[in-house]
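# Per-entry structural report
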Amino acid sequence: MEKKNLAVLGSTGSVGTQTLEVVACFPDRFTVSVLTAGRNAELLIQQALQFRPKLVVLSDEQAYLKVKEALVGTDVQVACGEEALVDAVQLDEIDIVLTAIVGSAGLKPTIAAIKKGKDIALANKETLVVAGELITKLVDEYKVRLLPVDSEHSAIFQCLPGEENNPIEKIILTASGGPFRGKSRADLERVTKAQALKHPNWSMGAKITIDSASLMNKGLEVIEAKWLFDLDVDQIEVVIHPQSIIHSLVQFQDGSLKAQMGLPDMKLPIQYALTYPDRLQNEFPRFNFLNYPNLTFETPDVQTFRNLDLAFQALREGGNRACVLNAANEIVVASFLKDELSFLGMSDIIEETMCQVEQKEKLEFEDYLHYDAESRRVARSLIERRYKL
Ligand SMILES: NC(=O)C1=CN([C@@H]2O[C@H](COP(=O)(O)OP(=O)(O)OC[C@H]3O[C@@H](n4cnc5c(N)ncnc54)[C@H](OP(=O)(O)O)[C@@H]3O)[C@@H](O)[C@H]2O)C=CC1
Ligand SMILES: CC(=O)[C@@H](O)[C@H](O)COP(=O)(O)O
Ligand SMILES: [Mn+2]
């Protein structure tokens, strides 16, 4: 079996570190050529010394200087900045790029990697939310594989082999409901970031954890699913499943439902994306039904958690709407994490940004960058005005 050579973008984050755990389990299957981080110099140095990539890239200048100094005398090259990241994914020896950067910062390197013929293991859902139409067009044009890492999309992907001639009737994305499931709008008036950061089932980075609490994560996943599986918006349903054991389901035209199940552990979807179509033996903990006698399901409360409807609206409207939604969401989450904005205020600002930023069909690459920047500016100024910052 030939070894696959990886670039791991965002290797210091939650998905990135779990990816390296998977890689370390299969030394005969993987080598690592590129690791990238934002500002976590200490962890990147440790990873570089363990995995000996050809190149590491950081986005933060201070962190870059630290890493460069620490790796003097090794054969690991160190680079810094957005351009270096875009160059790094294009190295000839890379087979597959695992994108675990958070936010729309993942867009440029992902496009560069596709254009260089690299397969993509996609955790960075924001890339597909922002520019799903462009990305799927490029994936077809450059004949690369777009392998889902996100647990729900991996679940759907795992239900599809053998069904190539059977159209999907619909998919059902499961959502945990987050830490505030069952709460009313009145309850949510004063929730804190510490409460929002306590996901009931998954240990993840801060941004996606807030998105899970606000149901925006599921909204982004609805848009991600549309592009990954070429679905109409009416073929995508969301159901709350608080135990996060059924990771999602596919319904075929005869009414049969296929589901993928397992413990909430990202290492399995990461491994599947990296070894697809093979399933390699591992020692990860196994699910036991007897420990989960009650698997339950509820309808999402979209009156309280408005983000899910805003995402469906963006998907129905098409064009630049999902890009605007995503950019506004990135701004409000950052603001909520700085205690500038209330939990419920996040949806208000996203909705107002969607009203204020013009609608645009048929986008080129530069248009995505333009509307991303413009929506960030609008969302930021709405927050500043409303909260008198
Ligand atoms: N965590 C999870 O279980 C899941 C995550 N995802 C998706 O995967 C992606 C990553 O999530 P997660 O791992 O939780 O996030 P984390 O915040 O834990 O990690 C983000 C990573 O990206 C790096 N990074 C952040 N900003 C930039 C930037 N502007 N340029 C370059 N690198 C940057 C960080 O570097 P540093 O820390 O060094 O600053 C870190 O390595 C997200 O899109 C998320 O939605 C999807 C499914 C599950
Ligand atoms: C692990 C993963 O894929 C996350 O996207 C997770 O699904 C978040 O949980 P929620 O269902 O609460 O959004
Ligand atoms: Mn998910």
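Let us look at the structure shown here.

Conventions we followed
- Residues numbered from 1 in each chain as written.
- Chains lettered and ligands numbered in written order.
- Predicted model: local features only at pLDDT ≥ 70, side-chain atom pairs only at ≥ 80, totals over all residues.
- Heavy atoms only, no water.
- Near = heavy atom within 4 Å.
- Polar contact = N/O pair within 3.5 Å; in protein donor to acceptor, adjacent residues only side chain to side chain.
- Areas by Shrake-Rupley, 256 points an atom, 1.4 Å probe, with all protein chains shown as cover.
- Helix = DSSP H or I, 4+ residues; strand = E, 2+ residues; numbered from the N terminus.
- Nonpolar A, V, L, I, M, F, W, Y, C, P; charged D, E, K, R; others polar.
- Pairing = 2+ DSSP bridges.
- Axes fitted to C-alpha atoms, helices over the stretch in contact; angles between N-to-C directions.
- Contact = heavy atoms within 4.5 Å.
- Donors = N, O, S within 2.8 Å, 3.2 Å for Na, K, Ca; no water.
- Buried < 20%, exposed > 50% of the residue type's maximum accessible area, 1.4 Å probe, protein only.
- Left-handed = near helix turned anticlockwise from the far one by under 90°.
- Phe/Tyr/Trp six-rings, centres within 6.5 Å; stacked < 30°, edge-to-face > 60°.
- Lys NZ or Arg CZ within 6 Å of the ring centre and 35° of its normal.

### Structural notes on the site of ligand 1
Contacts to ligand 1 come from 24 residues, most closely from Thr12, Ser14, Gly38, Asn40 and Glu126. At 2.8 Å, a backbone N or O of Gly38 approaches an oxygen atom of ligand 1. Take Ala123: an N or O atom from its main chain is 3.4 Å from an oxygen atom of ligand 1. Protein chains shield 83% of the accessible area of ligand 1, which is 890 Å² for the free molecule. Taken together, the elements giving at least two residues each to the shell around ligand 1 come down to helix H1 (14-25) and helix H6 (125-141). Within the shell around ligand 1, the residues separate by chemical class into 10 nonpolar, 10 polar and 4 charged.

### Focus: the sheet that holds strand E10 (residues 246-252)
Here 4 strands make up an open sheet; going across it, the order is E9-E8-E10-E11 and the pairing mixed. Looking at the sheet topology across the chains shown, the edges are occupied by strand E9 (236-240) and strand E11 (257-261). Taken pair by pair, the neighbouring strands of this sheet meet at an average axis angle of 20°, ignoring direction. Alignment of E10 against E11, held across 5 bridges, turns out to be antiparallel. Note on E11: the bridge partner recorded for Val250 is Lys258. Each of strand E8 (168-175), E10 and E11 touches helix H7 (residues 151-159); the most contacted strand, E10, lies at about 40° to it.

### A look at the site of ligand 2
Surveying the vicinity of ligand 2 reveals 15 residues, the closest of which are Ser151, Glu152, Ser176, Asn217 and Glu221. Contact distances for ligand 2 include 3.4 Å between an oxygen atom and a side-chain N or O atom of Lys125. Within the side chain of His199, an N or O atom sits 2.8 Å from an oxygen atom of ligand 2. For ligand 2, whose free accessible area comes to 350 Å², the fraction covered by protein is 97%. Contributing elements (two or more residues each) for the shell around ligand 2: H7, helix H10 (206-214) and helix H11 (216-229). Here the shell around ligand 2 takes 3 residues from H11, the largest share from any one element. The residue inventory of the shell around ligand 2, partitioned by class, reads 5 nonpolar, 5 polar and 5 charged.

### Section: the sheet that holds strand E4 (residues 77-80)
Pairing is parallel in the open sheet, where 7 strands are placed in the order E4-E3-E2-E1-E5-E6-E7. Unpaired on one side and paired on the other, E4 and strand E7 (146-148) mark the two borders of the sheet. Between one strand axis and the next, the sheet turns by 20° as a mean value, whatever way the strands run. Pairing of strand E1 (residues 4-9) with strand E2 (residues 30-37), which is carried by 6 bridges, proceeds in the parallel orientation. Residue Leu9 lies in a different strand from E2, and its bridge partner there is Thr36.

### Things to note about the coordination of the manganese ion (ligand 3)
Ideal donor angles around a metal are set by the shape: a four-donor tetrahedron calls for 109.5 degrees, a six-donor octahedron for 90 or 180 degrees. Each protein donor to the manganese ion (ligand 3) is listed here as Asp150 (OD), Glu152 (OE) and Glu221 (OE); together their distances run 2.0 to 2.1 Å. Counting residues between consecutive donors of the manganese ion (ligand 3) along the chain gives the motif D-x1-E-x68-E. Since its relative accessible area comes to 7%, Asp150 is described here as buried.

### So, the pairing of E9
The buried fraction of E9 amounts to 4 of the 5 residues, a majority that puts the element mostly inside the structure. Here E8 runs beside E9; their pairing, made up of 5 bridges, is parallel. From the neighbouring strand, Ile171 faces E9, where its bridge partner is Ile236.

### Focus: the packing of H1 against helix H12 (residues 267-275)
Angle between the axes and distance between the axes are the two parameters that describe a pair of packed helices. Between H1 and H12, whose axes approach to 9 Å, the crossing angle comes to 65°. Seen from above, H1 lies across H12 with right-handed handedness. Two secondary-structure elements touch here, H1 through Val15, Gln18, Thr19, Glu21, Val22 and Val23 and H12 through Lys267, Ile270, Gln271 and Leu274. Partitioning the contact of H1 with H12 into residue classes produces 5 nonpolar, 3 polar and 2 charged.

### Regarding the packing of aromatic side chains
A complete count under the given rule lists 7 aromatic pairs for this structure. The interplanar angle of 75° and the centroid separation of 4.9 Å between the aromatic rings of Phe287 and Phe289 together place this pair among those described as edge-to-face. Through a chain of ring-to-ring contacts, the aromatic side chains of Phe157, Tyr272 and Tyr276 assemble into a single cluster. Directly above the ring of Trp227 sits Lys226, whose terminal nitrogen or CZ lies 4.8 Å from the centroid. Between Lys267 and the ring centre of Phe284, over which it is positioned, the NZ or CZ distance is 5.3 Å.

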